[in-house]
Amino acid sequence: MDKSLYYLIDLKDSITSSNVQYWKADKLSSTRDVREAGIFTLDEAVSFVNTDLENNTVMISEEKVREFTTVCI
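Keep in mind that what you see is a predicted model, and the values were worked out from it rather than measured.

Helix and strand counts for the chain stand at three helices and five strands. For the chain, the N- to C-terminal ordering of α and β elements is β-α-β-β-β-α-β-α. Rg of the C-alpha trace for the chain: 12 Å, near the compact-globule value of 11 Å for 73 residues, within the 12% margin. If one aligns the C-alpha atoms of the chain with their principal axes, the spans along those axes are about 35 × 30 × 20 Å. A burial count over the chain gives 30% of its 73 residues as buried. Across the chain, the fraction of contacts at a sequence separation of at least 24, relative to all contacts at a separation of at least 6, is 50%. Here the chain has roughly 5,000 Å² of accessible surface; of this, 51% comes from carbon and sulfur atoms. Of the charged side chains in the chain, 8 are positive and 13 negative, and the gap between their average positions amounts to 4 Å.

Turning our eyes to something else, we now look at the pairing of strand 1 (residues 5-10). Where burial is concerned, most of strand 1 is hidden: five out of the six residues are buried. Across two bridges, the pairing between strand 1 and strand 4 (residues 40-41) is antiparallel. Of the residues in strand 4, the one forming a bridge with L5 is T41. Strand direction decides the pairing type here: strand 1 and strand 5 (residues 57-61), joined by five bridges, are antiparallel. Directly across from Y7, in strand 5, lies its bridge partner I60.

A separate point is the packing of aromatic side chains. All told, the structure shown has two aromatic pairs when counted by the stated rule. Ring geometry for W23 against F48: centres 5.4 Å apart, planes inclined by 70°, an arrangement best described as edge-to-face. Here the residue W23 occupies a position in strand 2 (residues 22-23), and F48 occupies one in helix 2 (residues 42-51), the gap between them amounting to 25 residues. The exposure class assigned to W23 is buried, which follows from its relative accessible area of 14%. Residue F48 is classed as buried on the basis of its relative accessible area of 16%.

About the cut-offs
Residues numbered from 1 in each chain as written. Predicted model: local features only at pLDDT ≥ 70, side-chain atom pairs only at ≥ 80, totals over all residues. Heavy atoms only, no water. Helix = DSSP H or I, 4+ residues; strand = E, 2+ residues; numbered from the N terminus. Rg over C-alpha atoms; globule rule 2.2 N^0.38 Å. Buried < 20%, exposed > 50% of the residue type's maximum accessible area, 1.4 Å probe, protein only. Contact = heavy atoms within 4.5 Å. Areas by Shrake-Rupley, 256 points an atom, 1.4 Å probe, with all protein chains shown as cover. Lys, Arg positive; Asp, Glu negative; His and termini not counted. Charge placed at Lys NZ, Arg CZ, Asp CG, Glu CD. Pairing = 2+ DSSP bridges. Phe/Tyr/Trp six-rings, centres within 6.5 Å; stacked < 30°, edge-to-face > 60°.

This is the structure we're talking about:
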């Protein structure tokens, strides 16, 4: 069983704002502050990505985000 956690990135808002936009835990709004972002299980992340009718959401592992950022999560 995969216990990894994932962030969801809103590609449309990320590209239009020139800042990475993470979905918040409520899945209704996004934030550029990774500390405010929702963290999702694999099943939750895959479900959200697969039901995004506009295909604007991608998932990235918490581990990879931690590797790329200097913000203490």
